[in-house]
Structure formats: C-alpha cells, structure tokens
Amino acid sequence: MDIIERINKLKNEKNAVILAHNYQPEEIQKISDIIGDSLELCIAARDTDADIIVFCGVDFMAETAKVLNSGKKVLIPEIIETDCPMAHQLPPEVILDAKKKHPYAKVIIYVNTLASAKALADATCTSANADLVVNSFEEDEILFGPDNNLGYFVSRRSDKKIIPMPKGGHCYVHKMFTLDDAKAVKENYPNAELLIHPESNPELQEIADHVMSTGGMVKHVLNSKCDEFIIGTECDMISRLKIDLKKAGKSKKLIPLRKDALCTSMKNITLEKIEKCLMDENYEVKLDEKIIEDARKAIERMLSI
Ligand code: 13P
Ligand code: SF4
C-alpha cells in the first residue's frame with residue numbers, strides 16, 4: 001500500500017476527516033476531504049460528524065475547529081512549526097489594554113488569532129466577511145485587529161471608526177507585495193485580472209480588479225469570463241485553483257503576483273506527518289473550557305451573520 005492508501009485506510013478505520021486550508025501544499029490538498037478558506041473550514045469543523053478532525057493548516061485554525069466542535073478530537077499533524085505569526089501579534093493583554101483606552105468600542109478580531117484572544121472579542125471575522133461583521137454592530141467605534149491591512153479594507157466599506165489593534169499588525173507574506181510587483185506582472189500579462197487578498201497593502205487593494213478572500217478567489221476564477229488571473233496571495237492558492245478548474249473541466253492561466261510568497265508555517269505538514277498523526281492520534285488541540293465557551297460566542301456571532 002502506498003502512503004495515500006494507508007492514510008485513507010486509517011481515516012476510515014478511525015472515522016476521521018481531513019480539513020486543509022487553501023495554502024497547504026498541493027499533495028496535502030489532494031488527499032483532503034475538504035479544502036477551504038478560513039470561514040469555510042470553520043463551518044466544516046462545526047458541522048462534521050467525524051470523530052476525529054485532522055487539521056492541515058496553522059495553529060489558530062486548528063484551535064477554531066476545537067472551539068466549534070469541542071466534543072471531537074482535533075489533531076494537527078505538526079505542532080511546533082505551524083504557528084501563524086500574525087495570530088501571535090494580538091495576545092490577550094493587547095486587547096485588554098485597548099479596551100481600557102476605548103471602553104465604548106466593540107472588539108472585532110480576525111479569526112487569525114489564538115482562542116485566548118477570541119475569548120475577549122465581541123465577534124470574530126474572516127477576510128470573507130469582515131465588512132459584514134463590522135457593519136452588523138450599531139456602535140461607531142470598532143477595535144479591530146491584528147491585521148491593519150484588513151482593517152483598511154473594512155474602513156473602505158464602513159462608516160465606523162476602525163481602531164487598529166495593535167498598530168502595525170500584519171501578515172509578512174502579504175506585506176511583501178508592492179506596486180512594482182503588480183506593474184511588472186501586468187506588463188507581461190496586460191489582460192489578466194489582478195486578484196488581491198485583503199491582507200495586502202492598501203496601495204495594492206486600490207489598484208486591484210478584485211480584493212477578496214481565498215474562498216472568494218476560487219468562486220471568482222471558476223465563474224469569471226476572464227481567462228487570465230494574477231493571484232495576489234500565498235503561492236499554493238494556485239494549487240487550489242488548479243484542482244477546482246480541473247474538476248470543472250476548465251483551463252485558465254494563473255500567474256503568481258510573487259513566486260516567493262510562501263507561508264512557511266503552512267508548509268510544515270507532510271503526508272508522512274498526517275499518517276503518523278492518524279496512527280498516534282497526536283498532536284491533540286487542548287483548550288481551557290472557559291476559553292472555549294467565550295471564544296465560541298465570538299465565532300458564533302460571526303457565523304450568525
Ligand atoms: P482566508 O480567510 O482568505 O483563507 O485567509 C486566511 C489567511 O491566513 C490568509 O493569510
Ligand atoms: Fe498567517 Fe500570513 Fe500564513 Fe495566513 S499567510 S497563515 S496570515 S502568516
């Protein structure tokens with residue numbers, strides 16, 4: 001039996017489901033039951049009947065699965081090197097401090113945060129629904145973090161005062177995109193649409209044809225009449241798009257905005273680690289009950305919108 005057959009056998013024996021984020025390496029996406037953006041994976045984790053959820057993504061994503069389905073065993077195949085640096089930029093102390101300074105503001109935080117931070121929020125949001133979540137509140141002031149660029153995206157779509165928390169919060173992968181990168185690729189592909197993730201800098205959001213989450217990019221590329229797209233997000237998004245285009249029997253030209261836009265934390269999961277994870281049922285995500293309860297309220301507020 002090859003490794004893929006062995007993984008499938010273990011998965012069936014243990015009634016496990018494998019969830020993978022759109023930035024996972026191609027071979028991981030191909031063996032997963034569900035591939036998605038962070039919102040789609042939240043919903044999949046909440047709704048699964050499987051006994052074990054194997055989460056192929058970064059730490060905050062596996063934690064979110066545990067919060068939404070705490071009765072299940074949630075496993076992450078690699079525990080050390082799968083932290084999202086942006087999620088660690090908003091520890092609970094920063095939120096508590098900001099709340100003291102802005103007592104009337106609502107706290108809306110990106111799902112790219114640890115459960116301990118979510119437990120202090122009024123709601124979470126993802127890049128697919130950040131503006132909707134913010135605009136669903138009546139309050140005029142919103143403490144928003146950690147990603148300042150997603151904060152900019154929201155501020156362009158809301159009349160509310162968006163207060164960044166912390167100042168300078170960012171994703172190092174999306175922060176590297178520049179106007180010069182866009183200009184250089186556009187010169188070679190003048191007819192291609194530029195799709196930009198909202199974690200990218202404001203100047204790129206301003207010149208993009210569309211600013212959208214990774215899930216939004218999948219729907220757009222599949223349904224658009226355009227045949228060429230410059231993908232302004234992490235490089236393995238192209239692997240995800242190719243899988244869906246192949247399934248739909250379509251062919252489109254996909255050009256990365258930068259070939260070096262790689263989220264290293266997403267690349268530490270391998271087929272070997274998934275097999276081991278299923279065999280040993282390691283590493284299990286464990287969270288404090290109170291954090292689960294409070295974080296769930298913030299995530300459910302988002303999911304109710
Ligand atoms: P999506 O919500 O678009 O999947 O983005 C998650 C993420 O980590 C982007 O860097
Ligand atoms: Fe975190 Fe950026 Fe990687 Fe997304 S791409 S998981 S925000 S470091």
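Heads up: the structure comes first, above all this text.
Everything numeric in this text was worked out from a predicted model, so none of it was measured.

1. Comments concerning the overall build of the chain
For the chain, the helix and strand inventory stands at 15 helices and 12 strands. Compactness check: the chain gives a C-alpha radius of gyration of 19 Å against a globular reference of 19 Å for 305 residues, within 12% of the reference. For the chain, the proportion of its 305 residues judged to be buried stands at 56%. Considering only intrachain contacts with a sequence separation of at least 6, the fraction spanning at least 24 residues in the chain is 66%. Positive and negative side-chain charges of the chain, numbering 41 and 50 respectively, have mean locations separated by a distance of 2 Å.

2. Structural notes on the side chain of K160
Along the polypeptide, K160 turns up in the loop between α8 (148-155) and β8 (161-164). We note that K160 is buried and unpaired, the nearest opposite charge coming from D140 at a distance of 4.6 Å. When near neighbours in sequence (up to four residues on either side) are disregarded, K160 contacts V134, N135, F137, E138, E139, D140 and I142.

3. A look at the site of ligand 2
Close contacts around ligand 2 come from Y23, V58, C84, P85, M86, N112, C171, Y172, V173, E199 and C263, and that covers them all. By residue class, the composition of the shell around ligand 2 is 9 nonpolar, 1 polar and 1 charged.

4. What to know about helix α12 (residues 214-223)
Along α12, 8 of the 10 residues are buried, which leaves the element largely enclosed by surrounding structure. Residues of α12 that are buried: T214, G215, G216, M217, V218, H220, V221 and L222.

5. Brief notes about the sheet that holds strand β11 (residues 228-232)
Taken in spatial order, the 4 strands make up an open sheet running β10-β9-β11-β12, and their pairing is parallel. Strand pairing shows two members of the sheet lacking a second neighbour, β10 (210-211) and β12 (253-256), which therefore form its edges. Of the pairings in the sheet, the one linking strand β9 (residues 193-196) to β11 comprises 4 bridges and is parallel in character. Across the sheet, L195 pairs through a bridge with I231, a residue of β11.

6. As for the site of ligand 1
Around ligand 1 sit H21, Y23, D37, S38, N112, S127, H174, H197, E199, S213 and T214, and those are all the residues in its vicinity. Side-chain polar atom of H197 to an oxygen atom of ligand 1: 2.9 Å apart, as the coordinates give it. Looking at the shell around ligand 1 residue by residue, the classes come out as 1 nonpolar, 8 polar and 2 charged.

7. A few points about the state of the cysteines
Across all of its chains, the model carries 0 disulfides by this definition. Of the cysteine sulfurs around C42, a residue in no disulfide, the closest is that of C125, at 11 Å. Classification of C42 as buried rests on a relative accessible area of 4%. As a non-bridged cysteine, C226 has C235 as the owner of its nearest cysteine sulfur, 19 Å distant.

8. Regarding the packing of aromatic side chains
One pass over the full model with this rule turns up 0 aromatic pairs. Over the ring of F137 we find R301, and its NZ or CZ is 4.0 Å from the ring centre.

9. As for the packing of helix α4 (residues 59-68) against helix α15 (residues 289-303)
At a minimum axis distance of 9 Å, the contact between α4 and α15 shows a crossing angle of 95°. Between α4 and α15, the crossing angle belongs to the class labelled roughly perpendicular. Here T64, K66, V67 and L68 of α4 come into contact with α15, specifically with I292, A295, R296, I299 and L303. Considering only residue class, the contact of α4 with α15 consists of 6 nonpolar, 1 polar and 2 charged.

Rules used in this analysis
- Residues numbered from 1 in each chain as written.
- Chains lettered and ligands numbered in written order.
- Predicted model: local features only at pLDDT ≥ 70, side-chain atom pairs only at ≥ 80, totals over all residues.
- Heavy atoms only, no water.
- Helix = DSSP H or I, 4+ residues; strand = E, 2+ residues; numbered from the N terminus.
- Rg over C-alpha atoms; globule rule 2.2 N^0.38 Å.
- Buried < 20%, exposed > 50% of the residue type's maximum accessible area, 1.4 Å probe, protein only.
- Contact = heavy atoms within 4.5 Å.
- Lys, Arg positive; Asp, Glu negative; His and termini not counted.
- Charge placed at Lys NZ, Arg CZ, Asp CG, Glu CD.
- Salt bridge = Lys/Arg side-chain N within 4 Å of Asp/Glu carboxyl O.
- Near = heavy atom within 4 Å.
- Nonpolar A, V, L, I, M, F, W, Y, C, P; charged D, E, K, R; others polar.
- Pairing = 2+ DSSP bridges.
- Polar contact = N/O pair within 3.5 Å; in protein donor to acceptor, adjacent residues only side chain to side chain.
- Disulfide = S-S within 2.5 Å.
- Phe/Tyr/Trp six-rings, centres within 6.5 Å; stacked < 30°, edge-to-face > 60°.
- Lys NZ or Arg CZ within 6 Å of the ring centre and 35° of its normal.
- Axes fitted to C-alpha atoms, helices over the stretch in contact; angles between N-to-C directions.
- Parallel < 35°, antiparallel > 145°, perpendicular 65-115°, else oblique.

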